Amino acid sequence: MDMGNSMTMGGAPLDSALNASGVDFSNSTQAATFLGEILDDTIFQIDGNKYARYFWFGVCAVIATFAVFNVLQVATLRIRMRSAAANRPRPASPKGLLAVSLASITAMYREATYAQLTLARSQFLRIPPMGTMTLLVVYLGWTILLEFINNNVDGAQHFASLGIRASWLAVAQVPLLILLAGKNNLIGFVTGISYERLNVLHRWVARVLLLLATLHVIFLHLAWNAYYLGPLEYSTDSCIPTGWAVYAILIWMNVSTIAPIRNLWYEFFVIQHILTFFGFIIAIMFHLPSTALYSRVYMYIPIALYLLDRSIRSARYGWNNIRPARATLTALEGGATKVRIQSKTIKKWRPGSHVFLSIPKFGIGQSHPATIASTPNSHEGDLVFILKGHRGFTSRILKSATDSSTSLLTGRSPQDQVVEVNHLALIDGPYGSSHLDFVAFDRVVLFSGSTGITFTMPILLDLSERVQKFRLPVKRITFVWIVKNTSWSSWISDELTLTSQALRSAGVEIDVRIHVTCDEAFTVGVQQAESKEGGCECDKSAGPCCCIEVSEEVVRSNEKSPVIEERVTQPSPRSSSSLASGKKSKLLDCATFYSGRPDCYNLLWEVLEEAEGETGVGVCGPLGLNADVRKSVVRCSDERAVHKGTGAQGIYLHAECFGW
């Protein structure tokens, strides 16, 4: 409305608060006129546009901060690599006031952000790490602050001003929503964070968008209904139907992303999610009033970002599959399948990368995320995956796989190979691998559980390949793998043997630890009642207890498990193995086998005590393992007072968790 006009509204001068004095609401003309005055949003639209820009100023400031931190980390790693190449002592340790100050700030930041809380027995509800939680709280606080700051308009337009501000902030979320969703996005490019780690922020931005849309609906209804003008507004305003359409679509988009629904049929979820997003954009374009058409820029930007992402993905997908790859399937022990793909176009990827794999014979139009367990220089350049059979796609390929217990590097000589049937395979990717380069750390500790080995194994392969060519900072590697059965070690037995030999020949120490949790041929004994009180929560119906003691006598395995020969000391009373106990196997003499889960805290403490520079820790497995490693890293960093004058060196952590 024109605030400079001297006319009156509702019996009050225009430069004062709008009120209903003198308005006869029984007179339809006066009621409609007063409703129009309440909805006159000329000034509020300008104000809302300003605060929407403020929101993006804050977002850009946060992105810039992470980008600077990313550049500093990359520069630090390069300095370490040059120091190692020059044979300088302790290349992974900070030197100089600036480097030490940065290391101290980084240590405090990591201690505050690495920890993660878990809910017992919750399959669907996951609490993000403290760093993500902190960022989400700051984001929500910033958004709510912008909604209410300097927005206390008196009179009949009080709620209208709040509702319009909420609508502007809501549309301002849409570009951020798409930036965080794309697999090729600008935020990931400048911050070094891969798209799947940004996806949790994408879902929370959608929830904040729903919150702002809810505030918009509530405040406008309060503005109308304060004077019983709701029926009149519904009968005269064309924005009402389109507004409810936007709100309904937004609710569905949020509800459908809840884990149980999302995981019920992931392929259907993806398709409907894209379709409802376009419906959401179209409905908003119809809903925006004529006084705020310039807000459509917040719709044009996400459309452009989405089309850019899809164009890049389509071009990569077309190139990858212009000469379709062929996949061979091999059944492994423990209900897993090794998928080996010969691709003529995909020849470069980083350790820890993943692809979206489609084998049309086992599901037309279905693409499943799978981590590449090989490197470009291993396995004859093939892409190798290990997929645990569950249901759907993974179950179907397991049933069709050739039965074999050979490991991934087994040669292709006719006497060793069975006839394998290959299948057409379509690949989208590779993506991911946002972790720092582990060769730039003095000590490296890699944890994995079950098929989480597909993340840590290529890192180990990459390390073994590069230490033979260059002088690198890494001096010692601890490789920890938690499995249910000793026979699972056959999945990567040759890889572990060859990488161990290569690392030791290059002067790098390696300690391979395989923790077996539920193998009766390895773990024997009866679980005592008091052990349950000590923290054991194993499901006995699924097999033997994962926390039982190891027999001190020689244990002979069944046909599918390697023979365990050496005696071990008794493990600690806790469910995890002690650091001193262990057994050797003839089938995998480079590894030491332990009974029960590892004591991550004590293991890390032992490694850190000997570190002469920063230690890099990587973990991939179920949520419980990730949370335990996170907690242990934070505890070690805090108790050792890392970079706080004690001489204790830093700890870097990269965690990958099962799930999608």
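Conventions used here
Residues numbered from 1 in each chain as written. Predicted model: local features only at pLDDT ≥ 70, side-chain atom pairs only at ≥ 80, totals over all residues. Heavy atoms only, no water. Pairing = 2+ DSSP bridges. Helix = DSSP H or I, 4+ residues; strand = E, 2+ residues; numbered from the N terminus. Salt bridge = Lys/Arg side-chain N within 4 Å of Asp/Glu carboxyl O. Buried < 20%, exposed > 50% of the residue type's maximum accessible area, 1.4 Å probe, protein only. Phe/Tyr/Trp six-rings, centres within 6.5 Å; stacked < 30°, edge-to-face > 60°. Lys NZ or Arg CZ within 6 Å of the ring centre and 35° of its normal.

(A) Geometry of the sheet that holds strand β15 (residues 591-595). An order of β14-β15-β12-β11-β10-β17-β18 is seen for the 7 strands of this open sheet, with the pairing classed as mixed. Both outer strands of the open sheet, β14 (583-584) and β18 (651-657), are each paired with one neighbouring strand and no more. Pairing of strand β11 (residues 476-483) with strand β12 (residues 509-516) involves 8 bridges; the strand directions are parallel. Residue pairing in the sheet places arginine 476 in a bridge with glutamate 509 of β12.

(B) Quick look at the pattern of salt bridges. Following the criterion strictly, the structure yields 12 salt bridges and no others. One salt bridge connects arginine 443 with aspartate 442, and the closest N-O pair in it is separated by 2.6 Å. The same class applies to arginine 443 as to aspartate 442, namely buried. Here the residues in one salt-bridge network are Arg80, Arg110 and Glu614, joined through shared partners.

(C) Looking closely at the packing of aromatic side chains. Taken as a whole, this structure holds 22 aromatic pairs when the rule is applied. With 6.1 Å between their ring centres and 70° between their planes, phenylalanine 356 and tyrosine 431 make a pair best called edge-to-face. Taken as a pair, phenylalanine 356 in strand β5 (residues 353-358) and tyrosine 431 in strand β9 (residues 422-432) lie far apart in primary sequence, 75 residues in all. The class for tyrosine 431 is buried, based on a relative accessible area of 5%. Counting every residue linked through ring pairs, the aromatic cluster contains Tyr51, Tyr54 and Phe57. Its guanidinium or amino end placed over the ring of tyrosine 51, arginine 165 lies 3.7 Å from that ring's centre, counting from NZ or CZ. The ring of tyrosine 594 has arginine 513 lying over it, and the distance from NZ or CZ to the ring centre is 4.0 Å.

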